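# Reading the structure
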Amino acid sequence: MACIIGEEAITPAQATVTTSEPVDHEGRTSIKVTIEGEQSGYEIRLTGPDGTEIDYEYVLESQMADGIEAVWISMTGYRDYVSADPGKYSLLVTDWRGNLVYQENFVVSGADLKAREAIFLTCEEEYSFLWKCTVIIPVSNNGDLPDM
């Protein structure tokens, strides 16, 4: 899609966009978006399963001086240490003029946590009516999102 100003067509910035799998990044389920290409400004927006925008980032033209920049986009917005909602997500990258550079839709099923048998290490009486116990509960995640 090209933007037309007067009689002159403005073509979108040329860039290759790559994304990571969802990972825990500083306490938020996030994807890493890497833009490699033309020195331009870029806007990255992520829409969640309910159709609302979850997160956005800007890459300034000056940040693209070496032709590559990476940003983290949160799948949980400003919610820390929670797993992202399962469902369909839409990632949209536009140049500074609003021209579409990249679009990707992806579906995640969510974290699938399974707790195994609890292991009691120690129990000691702290007060005459209260016990303090140390317990280990091994958990495995078979889902496609990190457990938070």
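Below is a short write-up of the structure.

Reading guide: rules and limits
Residues numbered from 1 in each chain as written. Predicted model: local features only at pLDDT ≥ 70, side-chain atom pairs only at ≥ 80, totals over all residues. Heavy atoms only, no water. Phe/Tyr/Trp six-rings, centres within 6.5 Å; stacked < 30°, edge-to-face > 60°. Buried < 20%, exposed > 50% of the residue type's maximum accessible area, 1.4 Å probe, protein only. Helix = DSSP H or I, 4+ residues; strand = E, 2+ residues; numbered from the N terminus. Lys NZ or Arg CZ within 6 Å of the ring centre and 35° of its normal. Pairing = 2+ DSSP bridges. Axes fitted to C-alpha atoms, helices over the stretch in contact; angles between N-to-C directions. Salt bridge = Lys/Arg side-chain N within 4 Å of Asp/Glu carboxyl O.

### Some details on the packing of aromatic side chains
- In the structure shown here, the tally under the stated rule is 2 aromatic pairs.
- With centroids separated by 5.6 Å and ring planes inclined at 65°, the aromatic side chains of Tyr56 and Tyr58 adopt a geometry described as edge-to-face.
- Tyr56 sits in the partly exposed class, given a relative accessible area of 36%.
- Seen from their ring centres, Tyr89 and Phe106 are 5.6 Å apart, and the 10° between their planes marks the pair as stacked. Remark: Phe106 occurs in strand β10 (residues 100-108) and Tyr89 occurs in strand β9 (residues 87-95); sequence separation between them is 17 residues.
- Its end group placed over the ring of Tyr56, Arg45 keeps NZ or CZ at 5.0 Å from the ring centre.

### Description of the sheet that holds β10
- Strand order in this open sheet of 4 strands is β7-β6-β9-β10, and the pairing throughout is antiparallel. Lying at the two open borders of the sheet, with one neighbouring strand each, are β7 (53-59) and β10. With direction set aside, neighbouring strand axes in the sheet form an average angle of 10°.
- For β9 and β10, the ladder comprises 8 bridges, and the chain directions are antiparallel. Looking at the pairing, Gly87 lines up with Val108 of β10.

### What to know about the pattern of salt bridges
- Throughout the structure, instances matching the rule amount to 4 salt bridges.
- A salt bridge links Asp80 to Arg28; its shortest N-O distance comes to 2.6 Å. Of this pair, Asp80 sits in the loop between β8 (68-74) and β9 while Arg28 sits in strand β5 (residues 28-37); the two residues are 52 residues apart in sequence, bridging distant segments of the chain.
- A residue is classified by how much of its surface remains accessible, and Asp80, at 39% relative accessible area, is partly exposed.
- On the basis of relative accessible area, Arg28 is assigned to the partly exposed category, the value being 23%.
- When salt bridges with common partners are traced through the structure, they connect Glu43, Arg45 and Glu53 into a single cluster.

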